[in-house]
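What the coordinates show
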Amino acid sequence: MQTTDIGNKEEGKVWHRKPTPSNTGIMVTVIRSAAAYQSKTVRFLHVTFDTTGDSFLAGDHHGNIYVLDITRNRFRLVQKTGQACTALAFNLRRTTEFLVALADYSIKCFDKDTKQLVSWMRGHEGAVSSVSVHGSGRYAISTSADTAQLWDLDTFQRKRKLNVRQSVGIQRVFFLPLGNTILSCFNDDSIFAWESDTLFCKYQLPVPDEGPRIHYKAFAVTRDGKILAAGGRSNLLHLWCLDTRQLLRVVQMPPKVRTVRQLEFLPDSFDGGASQTLGVLSQDGVMRFINIQTCKLLFNIGSHDDAITSATVSPNGRHIVTIMDNGSLNIYSVQCLTQDYNKPPPSLVKVVSGGECSALTMKVKSEGVQRPAKNSGRRVKTKVLRPPAVPMTEDKENELPDGLNKKRLVTLLKAFGEYPAKYRMFVWRSLLRLPENHAAFSSLTDKGLHSAYLSIQERYPIKSHKLQRGLQRYTYLAGTISLLACWPGLLFSFCLSFAVNWCQHWFEYFPNPPLNVLSMAENVLAHHDKELLQHLIDCGVTSQLYVWPLLETLFSEVLTRDEWLKLFDNVFSNHPAFLLVSVVSYVTCCRAPLLLCSHKEDFEYFFHHRNNLDVSSVIKETYRLMESTPADIHPRNMLDDFQPLTRGQYPVFNKYPTYIVEYQSQERERIRQQEVDYLRERQAVQELRAKAVQRQAEDEAWYTQQEILQQAEEKRRDILQQEESKLAEQRTRLTAMKRELKVKELQLMDAARRRFLKQQQDQRLTDLHRLDEQIQRKMNTRDQETAAAVQDIQVRQMELEAQRRLFEQQLAKEQVRVTQEVRAEVDTRRHRSEVEETTFQHLLNNDTDVSLGTKKVSVHLLVLWCLVFSVSLDRGRGELDCRERELMQNIRELRQKLAARAKTSNSTVSQ
């Protein structure tokens, strides 16, 4: 037994030399020593396999997660979480991802290749005890003491949460294989089944009333999801049938078992998911594997000194990984553990051999042939025995393709009991002399899918598409094959050559079992074991019950793969009657248990299930019966010799009741035509129904749409009415605001107008004051000018008076001379003065300037003075006085006019 210390290595080999499992089945022990202390190891806590069963995850107490690949002999550190894990799951849909439940009540998803954190799921308030993943890998259920939560692994979101009362508590919640059912197990031993999609409660298993309460702690389900095993604080195990929902049986473990810690079913490749071996881990650290049908103890792993804490079985049933009490991992080989109880029982046929024969017996090995052992005393002369001469026809019969010889192959077969597995297919192809008619097979392939195999996948789920294509090609050769219910199971291992040679006379009583072939086997059994045959007859068991099941399934239900291959090595190497005789041999070798059976159901079960029987003894018994059976009842004389398939074309296979095939074909064609008509009518009805439903849906949709539109219209109207009311209110408020604004505007305009008028009034007053000042100033100026003019006039008057006196003297002198001239000149000047006076009056009426009038007056006065001065002297002082009076009168009038005009202008300015 090897021990591997991974230490602080991040990757390496699981074992350094090819493991040779010991008697205990241990391949290798894996430990992890601490870095600082070599003597101290870090405990592994949890282990889980992937879907293939070739690699598994292991988490230790420090939070390190390792992937150990058994097939590749490699281990690798994929994650360091930093805290201890409480549960692991490695069977997700994305095969590189895995789930780890940590001590902080959270669940993390990592990728083992990239070592990256994919998601972090939280929600539990207690430690997660288990994580169950759906078969599709899409959903997962995490369970703690008080709650169970369903997670969607595509989005990593929680879908549902199951809460229970604290007084009840949850033991475990997990998915059933091959289905969408969830089982929830509680502390009060109640078990409920739920639909995973809708979480609808499908059923509840009844709590057993009889017997002591077990207090369920451990659960296990077979791969087909039909059997549930439950155990707890007792040495009793309950086996539940989930189909019938009834307690199947109660298994009592040995007295050493007081508490069941863990239950695990051991899968088998040939059990179809209905596992029969159950592993029970008890409180003493020993895991006992029992057969749940026979309730026999098969083998144990672990011991009191080397106790097991937990165990995990690979999905393919090849390895078991256990966590030991010291924290190490033990990897067991299931093949080594099961080889003891898989050994056949001792042979029922005893062979008598003499002492001298042993010295002549030759031991054949794969490397060559070993000569007989020599005597120790003296040299013994040996004689080479040559085989007698054989006719050429027999040599030709023994010659096989590829340089093989059938006689030599049979010699090797009798010596070793079977052909080497490496060359078995090559030997079988040579023994059957397959023609390899590729062209004929291609022509069958071109015909397409046979009608009999339209639903073959539903009745017989065949994984190999290649085998399924071969089945439907062979159906074109033999019409009865499409009607034979057992044929797909039979053709799992055989081909056309086997049907032609080893299935002779099988279809003569079709669709019933071949009574003629069964009679041959019954005759042979009657000759060699009359007691057994009589017991079968007394129990009402016919050859259809103990011969036909073996032929129908070709021993596939009662033999393992290796046993089946070993048997058919001999079948292919002998006459076709060997198969029928081997059935009789199997029955005679099992005579002891058959004699104990008395019910027909026991016989049916016996010939449809595997039994503890040595296939080598069956083969030896078959050879004995082949030699000792009389010729009159020997199947060899009733069956034809082996005939290989013809090359180029396949042989005609018509050894069956043609009328049945034709009738069945006609009936099938009629049924098919009726089904086509029915399908056509149903299609038409469905189309009409679909149209009606569609029309109804359209009408409902239209009405719904109209209602929605009407409701929407009403809503819109309400909204519109509300909006209109709001708008009216807004308009009212706006009108009020406009009115207020208008009033304010008018007030402002009135204030502005008043301010403007006041300003204008002030301006007018200022202008009036300025005009008054100007008028006053002009009046003062006028008065001053008038006074100056008056003074000038007075001075001038005085001058005129002085000049008058002087002129009077001169005028007197010249009076005579000038009188005429003066008169003429006076007339002229008078006329001129009138014109000037008229002009002066006109100017006085139009001119508003006082100073200008004054000047004109002065000028006029001067002109008048000049005129007066120039008047003739004869007019005298009287005329001059008159002129002076008139002039003074004019001055007064002018002053009055100027005063009146100034008063008028003042009144206008004041207005």
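Residues numbered from 1 in each chain as written. Predicted model: local features only at pLDDT ≥ 70, side-chain atom pairs only at ≥ 80, totals over all residues. Heavy atoms only, no water.

As recorded in an unreviewed UniProt entry, the chain goes by the name TBC1 domain family member 31, listed as coming from Oncorhynchus kisutch. The UniProt entry for the chain carries the following comment under Function (unreviewed entry): "Molecular adapter which is involved in cilium biogenesis. Part of a functional complex including OFD1 a centriolar protein involved in cilium assembly. Could regulate the cAMP-dependent phosphorylation of OFD1, and its subsequent ubiquitination by PJA2 which ultimately leads to its proteasomal degradation." (UniProt positions renumbered as here; feature names shortened; annotations may be inferred.)

Each helix and strand in the chain was counted, giving 22 helices and 30 strands. Sorting the 911 residues of the chain into buried and exposed places 40% on the buried side. Once local pairs closer than 6 in sequence are excluded, the contacts in the chain between residues at least 24 apart make up 54%. A total accessible area of about 54300 Å² is found for the chain, and carbon and sulfur atoms account for 52% of it. (Helix = DSSP H or I, 4+ residues; strand = E, 2+ residues; numbered from the N terminus. Buried < 20%, exposed > 50% of the residue type's maximum accessible area, 1.4 Å probe, protein only. Contact = heavy atoms within 4.5 Å. Areas by Shrake-Rupley, 256 points an atom, 1.4 Å probe, with all protein chains shown as cover.)

It is worth spelling out the sheet that holds strand β30 (residues 329–333) at this point. Strand order in the open sheet formed by 5 strands is β1-β3-β30-β29-β28, with mixed pairing between adjacent strands. Among the strands making up the open sheet, the edge pair consists of β1 (2–5) and β28 (308–313). Here the average twist between neighbouring strands, direction ignored, is 20°. Here strand β29 (residues 319–324) runs beside β30; their pairing, made up of 5 bridges, is antiparallel. Bridge assignment links Thr-322 to a residue of β30, and that residue is Asn-330. (Pairing = 2+ DSSP bridges. Axes fitted to C-alpha atoms, helices over the stretch in contact; angles between N-to-C directions.)

Taking strand neighbours across the sheet as the criterion, the 4 strands line up as β8-β9-β10-β11 in an open arrangement whose pairing is antiparallel. Strand pairing shows two members of the sheet lacking a second neighbour, β8 (85–89) and β11 (117–121), which therefore form its edges. When the angles between neighbouring strand axes are averaged without regard to direction, this sheet yields 20°. Here strand β10 (residues 107–111) pairs with β11 via 4 bridges, running antiparallel. Along β11, the bridge assignment pairs Cys-109 with Ser-119.

Quick look at the packing of aromatic side chains now. Going through the model one piece at a time under the given rule, you end up with 18 aromatic pairs. Between the aromatic rings of Phe-289 and Phe-299, the centroid separation amounts to 4.5 Å while the plane-to-plane angle is 20°, which identifies the pairing as stacked. Here the residue Phe-289 occupies a position in strand β26 (residues 287–291), and Phe-299 occupies one in strand β27 (residues 297–301), the gap between them amounting to 10 residues. Accessibility expressed as a relative area gives 0% for Phe-289, which makes it buried. A relative accessible area of 8% places Phe-299 in the buried class. Pairing Trp-428 with Phe-572 gives two aromatic rings, centres 4.7 Å apart and planes at 80°, and the pair type is edge-to-face. Of this pair, Trp-428 sits in helix α5 (residues 424–432) while Phe-572 sits in helix α15 (residues 561–572), and the two are 144 residues apart along the sequence. Taken together, Trp-428, Trp-564, Phe-568 and Phe-572 form an aromatic cluster joined through their ring pairs. A cation over an aromatic ring shows up here: Lys-108 above the ring of Trp-120, its NZ or CZ 4.2 Å from the ring centre. (Phe/Tyr/Trp six-rings, centres within 6.5 Å; stacked < 30°, edge-to-face > 60°. Lys NZ or Arg CZ within 6 Å of the ring centre and 35° of its normal.)

Glancing now at helix α16 (residues 577–589). For α16, built from 13 residues, the straight-helix expectation of 18 Å at 1.5 Å per residue is met to within 8% by its first-to-last C-alpha distance of 18 Å. Counting buried residues in α16 gives 13 out of 13 residues, a clear majority hidden from the surface. (Expected span 1.5 Å × (residues − 1).)

With that out of the way, let us pick up the nonpolar core. Of all hydrophobic cores here, the largest spans 65 residues; its most connected members are Leu-551, Phe-555, Phe-568, Leu-579 and Tyr-586. Tallying contributions element by element places α16 first for this core, with 10 residues. Residues within four places of Tyr-586 in sequence aside, it is in contact with Leu-550, Phe-555, Val-558, Phe-606, Phe-607, Asn-611, Leu-613 and Val-618. (Core = buried A, V, L, I, M, F, W, Y, C linked by side-chain atoms within 4.5 Å.)

What follows concerns the side chain of Asn-291. One can find Asn-291 in strand β26. Of note is the side chain of Asn-291, whose polar atom sits 2.8 Å from the backbone nitrogen of Gln-293. Not counting residues within four places of it along the chain, the set of residues in contact with Asn-291 comprises Gln-276, Lys-296 and Leu-298. (Polar contact = N/O pair within 3.5 Å; in protein donor to acceptor, adjacent residues only side chain to side chain.)

This part covers unusual backbone geometry. The backbone of Tyr-105 shows a phi angle near 70°, a positive value even though the residue is not glycine. Mapped onto the fold, Tyr-105 is located in the loop between β9 (97–102) and β10. For Tyr-105, a relative accessible area of 36% puts it in the partly exposed group. Even without being a glycine, Leu-554 presents a positive backbone phi close to 55°. Among the secondary structure elements, Leu-554 is positioned in the loop between α14 (548–553) and α15.

The buried fraction of strand β22 (residues 236–241) amounts to 6 of the 6 residues, a majority that puts the element mostly inside the structure. Hairpin connection from strand β21 (residues 227–232) to β22: 3 residues lie between these consecutive antiparallel strands. Bridge analysis of β22 against strand β23 (residues 246–252) gives 6 bridges, and the strand direction is antiparallel. Each bridged residue has a counterpart across the sheet, and for Leu-236 the counterpart in β23 is Gln-252.

A word on the packing of helix α11 (residues 515–528) against α16. Between α11 and α16, the least distance of the axes is 9 Å, while the angle of their chain directions is 45°. When the interaxial angle is binned, α11 and α16 end up oblique. Handedness of the α11/α16 crossing: right-handed. In this structure, α11 contributes Val-517, Met-520, Ala-521, Val-524 and Leu-525 to the contact, and α16 contributes Leu-580, Val-584, Val-587 and Thr-588. Per-class residue counts for the contact of α11 with α16 are 8 nonpolar, 1 polar and no charged. (Parallel < 35°, antiparallel > 145°, perpendicular 65-115°, else oblique. Left-handed = near helix turned anticlockwise from the far one by under 90°. Nonpolar A, V, L, I, M, F, W, Y, C, P; charged D, E, K, R; others polar.)

Now for α5. Where α5 is concerned, the buried positions are Arg-424, Val-427, Trp-428, Ser-430, Leu-431 and Leu-432. Remark: Arg-433 follows α5 within two positions and exhibits a positive phi of approximately 55°.

Below, the discussion takes up the pairing of strand β7 (residues 74–80). Two elements, strand β2 (residues 11–12) and β7, share 2 bridges in a ladder whose sense is antiparallel. Bridging from a neighbouring strand, Glu-11 pairs with Arg-76 of β7. Relative to β7, strand β6 (residues 64–69) runs antiparallel, the two sharing 6 bridges. Its bridge partner lying in β7, Ile-65 is registered against Gln-79. Counting the residues that bridge the hairpin from β6 to β7 gives 4 residues, and of these Asn-73 lies at a positive phi of roughly 55°.

Here we come to the environment of Arg-895. Mapped onto the elements, Arg-895 comes out in helix α22 (residues 876–910). Residue Arg-895 is classed as partly exposed on the basis of its relative accessible area of 42%. Separated by 109 residues in the primary sequence, Arg-895 and Thr-786 have C-alpha atoms spaced 9.5 Å apart. Here Arg-895 is in contact with Thr-786 and Val-790, once residues within four sequence places are set aside.

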